[in-house]
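# Reading the structure
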Amino acid sequence: MESVPDLTKSMYVDFNGYPCVRLLNLTGEIGCSNPGRDKVVAPVVRYKNVNEISKPSAVLVSLDEFLELFDSKCFSLSQDSLQIKSSQKLNLRLIKASTISGTQLYAMFQPKLLKGSGMMWRAYNFPVFLLSEDGTQLVQEVAMKNEKKKNDYTEDVVEFDSVMQTTKSGTHDSESCLQEQTCFPLGGYSVWSSLPPINDSSSNQSKPILLTVASMDSASFFRDKSLGAESPISGLISLLAAVDSLSHVNGLDDFGKQLVFSVFTGEAWGYLGSRRFLFELDLQSDAVNGLNSSLIETVMEIGSVGKGFSKGNSTFFAHTAGVSSATSETLNALKRARDSLESKNIMVSSASTSNPGIPPSSLMAFLKKNPSTSGMVLEDFDTAFADRFYHSHLDDMSSINSSAIVAAASLVARTLYILASDDKNLSSTALDAINVNASLVEELMGCLLDCEPGLSCELVKSYIVPTSQCPSHYVGVILGEPSSNPYLGYVDDVSRFIWNFLADRTSSSMENVSSDCSKDCSNKGGVCIKAETDGKGVCAISTTRYVPAYSTRLNYESGTWNVLPSDSSDPMGMVDPIWTESNWDTIGLRVYTVQDPTFDRLVLLAGIAITVMAYLAIVLTRAYIAKVLKRD
C-alpha cells in the first residue's frame with residue numbers, strides 16, 4: 001500500500017444498490033430514510049439465525065422467509081396487508097426493520113412483486129436498497145463468512161448511508177421542506193413537436209390540431225430502477241416510431257389539419273406534465289408558442305401497448321371519452337387504418353361499454369380542463385389493467401413485445417394520416433407508403449429499457465452525450481428556474497434525446513443558412529439539433545420545444561419555491577398533493593470488518609491492567625533498588 005486511499009480501499013468495499021428515497025407531499029411523507037442524522041451500521045446474518053440475535057443486525061432474508069418476517073407478530077411495522085406475487089426475477093434488497101423481540105434488526109431479502117400492497121406509498125424510517133447482482137453476491141458471502149467465525153472477535157458489517165435532509169431538519173411535508181430548502185419539487189421537461197413545422201410568423205394558424213400524446217416517466221419503490229417498459233414506455237416508443245414513419249411521407253403541408261406530438265413527464269405523480277402543458281397554453285407562454293388550445297380537435301393518447309400480442313395476434317382497444325362526431329371520426333379512421341394493413345393478425349375494437357370512460361391517462365387532464373374534449377386512449381387491455389408489474393422495477397423489457405409496439409405505431413401513423421388528410425376517398429397506395437421501421441423500434445427498446453447498450457446506444461449517442469448508461473424513467477426533480485429554453489444540464493438524458501429525435505424527424509432544411517449551428521440559425525427560426533455530440537450541431541427548421549413539468553400550485557421566485565393557494569377553476573390542482581423529493585449529501589452502501597465491542601473493552605481492560613502492573617513493578621523496583629543502594 002502506497003497511500004491512504006489504498007488503505008481505505010483495502011478496508012472498505014463499496015457496492016451498488018438502487019435506493020428507496022424520501023418523498024413528501026402536503027400532508028406527510030412516503031419512501032425511505034435513515035432514522036436519524038447518522039449512517040446505519042449493522043453486522044450481516046441470515047434469517048435462519050434470527051432467533052440467536054442479541055444485538056442490532058442486518059438480516060439476509062430469502063424469498064420464502066419474506067412473508068414470515070413481515071407477518072411476524074413481534075415485527076412492529078404495520079405491514080399486515082402485504083401480499084406476495086410470484087416472480088422469477090430476484091434481487092436482494094436491504095431494509096432496516098423496526099423491532100423483533102426487542103432486538104433491532106436490519107433485514108436483507110429477495111422480494112417478489114408486492115401486487116396491490118401499496119408499499120410504495122408508505123413511509124419507512126429505515127433505508128431500503130435493491131442490490132445489483134454483484135452486490136447480492138457480496139452480501140451473501142459476507143453473511144456466510146460471519147456464520148463461519150461466529151465466536152470470533154471480528155464481524156463484517158453493512159453501512160447504510162441514506163440520510164435525508166428532511167429527516168435531519170424535521171421538515172416532514174412539502175410546504176415546510178420547500179421553505180427550509182431541504183427538498184426540490186418533482187418535475188422535469190416535457191417535449192412537444194409539430195409535423196410539419198408551424199410557421200410562428202404567420203398570422204393564419206387556424207388549422208385544427210390532432211394532438212398525439214404519450215408519457216415518458218414511470219415510478220417504482222426504488223428511485224433509479226423505474227423502467228416502466230409496458231407502462232408507459234411502450235407507448236412512448238410507439239409514438240416515436242409513428243413520427244418516424246410519417247416523417248417520410250410527402251404532402252403533409254397540404255393537409256387541412258396540423259399534427260402535433262407531445263411527450264409528457266411527471267404523469268406518474270399527478271399528471272404534472274399534461275396539467276402544466278395546459279396551464280402554459282392558457283398563459284400562451286413561449287413554451288407553447290404556435291399552439292392554440294381552442295384549435296385542438298382531437299387528443300389521441302398511446303398508452304400501454306407492449307403486451308398487445310398473443311398467439312400471433314396483436315389486439316388493441318380504443319377507450320373513448322363520451323360520444324361526439326370527432327370521436328366517431330377517430331374510431332372510423334382507426335378501423336380504416338386497421339383494414340389497410342397487410343397483416344390480418346392486428347385487431348382493434350372499441351373498449352367494452354360495460355366499463356365506459358377512459359383508464360388513468362394524460363387525457364384525464366384535458367377532460368378536467370374541458371369536458372367536451374374529444375379524445376381516445378389506445379391500450380392493450382379492455383376492462384382490466386393487464387400490467388401486473390405496474391410501478392415496479394420488474395416492469396422491464398421482458399414484459400413487452402416489439403411486434404405489438406410496431407403494430408400500435410402502424411395503426412397510429414395511418415390513423416393520423418387519414419384524419420389529417422380529411423379525404424374520404426384516400427387511396428390505399430397512400431396508406432401503404434406509411435411503414436413503421438421495426439428495426440428502429442427494437443433499437444429504441446434496447447436504448448430506453450436496458451443497460452446493454454442502454455443510453456450508450458448509437459441512436460442516442462448520435463443526438464446527445466448521455467450522463468449515464470442505464471436508463472431510468474423516474475421523473476426526478478426540477479432544478480433552477482423553469483424555462484422553455486432550459487440549461488441542458490438540468491434536463492435529463494431521456495428528455496434531451498426525445499427533443500433531438502423529434503426535432504430531427506419533424507424538421508425541414510433551411511435555405512441560405514450554413515448547415516452547422518451559427519447565429520443565423522436561431523435568428524431565422526431554426527433549432528440546433530445534435531449540438532451536444534460535436535459542439536456544432538445541425539441547423540434545421542422545426543417546431544420542437546421543451547415545456548417545464550411541475551405542479552401548477554408551485555411558483556418559483558427569487559430562487560425559492562412557494563406553494564400557491566388552491567384555485568377552484570383548477571379541479572386537479574385543488575387535490576394536487578405537490579410532490580417533492582428530499583435532498584441528501586450522498587447515498588451508498590459499503591461493507592467492512594469491525595471488532596466486537598466486547599473484545600475492544602477486554603483489550604482496554606487488559607491495557608489498563610498491564611499499565612497498572614507496570615506502574616507497580618516500577619515503584620517496587622525503584623524501592624528495592626533504593627534499599628539496596630542505601631545498604632551499600
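Structure: above.
Reading the values: the criteria
Residues numbered from 1 in each chain as written. Predicted model: local features only at pLDDT ≥ 70, side-chain atom pairs only at ≥ 80, totals over all residues. Heavy atoms only, no water. Pairing = 2+ DSSP bridges. Helix = DSSP H or I, 4+ residues; strand = E, 2+ residues; numbered from the N terminus. Phe/Tyr/Trp six-rings, centres within 6.5 Å; stacked < 30°, edge-to-face > 60°. Buried < 20%, exposed > 50% of the residue type's maximum accessible area, 1.4 Å probe, protein only. Lys NZ or Arg CZ within 6 Å of the ring centre and 35° of its normal. Core = buried A, V, L, I, M, F, W, Y, C linked by side-chain atoms within 4.5 Å. Contact = heavy atoms within 4.5 Å. Expected span 1.5 Å × (residues − 1). Arc of directions from axis to C-beta. Disulfide = S-S within 2.5 Å. Patch = residues over 30% accessible without salt bridge, like charges linked within 9 Å, V, L, I, M, F, W, Y side chains within 5 Å. Areas by Shrake-Rupley, 256 points an atom, 1.4 Å probe, with all protein chains shown as cover. Salt bridge = Lys/Arg side-chain N within 4 Å of Asp/Glu carboxyl O.

In spatial order, the strands read E9-E4-E3-E26-E12; together these five strands make up an open sheet with mixed pairing. Edge positions in the open sheet fall to strand E9 (123-124) and strand E12 (183-185), since each of these has one partner strand only. Sheet analysis places strand E3 (residues 22-24) next to strand E26 (residues 580-582), joined by two bridges and oriented antiparallel. Its bridge partner being in E26, leucine 23 is matched across the sheet by glutamate 581.

So, about the packing of aromatic side chains. For the coordinates displayed, the defined rule picks out 20 aromatic pairs. Aromatic side chains tryptophan 269 and tyrosine 474 sit 6.5 Å apart centroid to centroid with 90 degrees between the ring planes, which places their arrangement in the edge-to-face category. Pair noted here: tryptophan 269 is in the loop between strand E15 (258-264) and helix H7 (272-283) and tyrosine 474 is in the loop between helix H13 (458-461) and helix H14 (493-505), with a separation of 205 residues, a long-range link. Exposure class is identical for tryptophan 269 and tyrosine 474. Each is buried. Taken together, a centroid distance of 6.2 Å and an interplanar angle of 70 degrees make the contact between tyrosine 463 and phenylalanine 501 edge-to-face. Taken as a pair, tyrosine 463 in the loop between H13 and H14 and phenylalanine 501 in helix H14 lie far apart in primary sequence, 38 residues in all. Accessibility classification places tyrosine 463 together with phenylalanine 501 in one group, the buried group. By way of ring pairs, the aromatic residues Trp121, Trp269, Tyr474 and Trp579 are connected into one cluster. Seen from the ring of tyrosine 550, arginine 276 lies directly overhead, with NZ or CZ sitting 3.9 Å from the centre. Just above the ring of tyrosine 12 sits the side chain of arginine 590; from NZ or CZ to the centre is 4.0 Å.

For the rest of this paragraph, the subject is the pairing of strand E23 (residues 544-549). Burial of E23 is extensive: six of the six residues sit out of reach of the surface. Of the two faces of E23, the one holding Thr544, Tyr546 and Pro548 and the one holding Arg545, Val547 and Ala549 are both buried throughout. The pairing of strand E13 (residues 188-195) with E23 spans six bridges and is classified as antiparallel. Looking at E23, one finds that serine 193 is bridged to threonine 544.

Apart from glycine, the bulk of residues carry a negative phi angle, and the bulk of peptide bonds sit in the trans form. That bond from leucine 195 to proline 196 is cis: its omega, -5 degrees, falls within 30 degrees of zero. The residue proline 196 is located in the loop between E13 and strand E14 (209-215) in this model. Looking along the chain, the bond that leaves glutamate 452 and enters proline 453 is cis, with omega of 0 degrees. Relative to the helices and strands, proline 453 is located in the loop between helix H12 (438-449) and H13. For histidine 391, which is not a glycine, the phi torsion comes out positive at approximately 55 degrees.

Attention now moves to the nonpolar core. Ranked by size, the top nonpolar core spans 90 residues in total, and within it Ile237, Leu246, Phe316, Tyr417, Leu448, Phe497 and Ile498 carry the most contacts. Take this core: its biggest share by element is 14 residues, from helix H10 (residues 402-421). The residues touching isoleucine 237, leaving out its near neighbours within four places in the chain, are Ile405, Val441, Leu444, Met445, Leu448 and Leu449. One finds Ile198, Ala321, Ala365 and Val377 within the second-largest nonpolar core, a separate group that totals 24 residues.

Compared with the 22 Å implied by 1.5 Å per residue over 16 residues, the 23 Å span of helix H3 (residues 133-148) between its first and last C-alpha is a close match. Of the residues making up H3, those classed as buried are Gly135, Thr136, Leu138, Val139, Val142, Ala143 and Asn146. Around the axis of H3, the buried residues are gathered within 165 degrees of arc, so they sit on the same side. Of the exposed residues in H3, the ones pointing more than 90 degrees away from its buried face are Glu133, Asp134 and Lys148.

What follows covers the state of the cysteines. Taken as a whole and judged by the stated rule, the model has five disulfides. Two residues share a disulfide in this structure: cysteine 20 and cysteine 32, whose sulfurs sit 2.1 Å from each other. Because the torsion about its S-S bond is 85 degrees, the bridge between cysteine 20 and cysteine 32 counts as right-handed. Taken together, the residues span a long stretch of sequence, with cysteine 20 in strand E2 (residues 17-20) and cysteine 32 in strand E4 (residues 29-32) at a distance of twelve residues. For the pair formed by cysteine 20 and cysteine 32, the shared burial category is buried. The disulfide that involves cysteine 451 links it to cysteine 470, with 1.9 Å between the sulfurs.

Taken together, the side chains of Leu602, Leu604, Leu605, Ile608, Val612, Tyr615, Leu616, Val619 and Leu620 define a hydrophobic patch exposed on the protein surface, amounting to about 910 Å² of accessible area. For leucine 604, the location among the structural elements is in helix H18 (residues 597-631). Leucine 604 sits in the exposed class, given a relative accessible area of 53%.

Now for H7. With twelve residues, H7 should reach 16 Å at 1.5 Å per residue; the first-to-last C-alpha distance of 16 Å fits that figure. Of all twelve residues in H7, nine are buried, a share of seventy percent or more. For H7, the full list of buried residues reads Leu272, Gly273, Ser274, Arg275, Arg276, Phe277, Leu278, Glu280 and Leu281. Phi turns positive one or two residues past the end of H7, at glutamine 284, with a value near 55 degrees.

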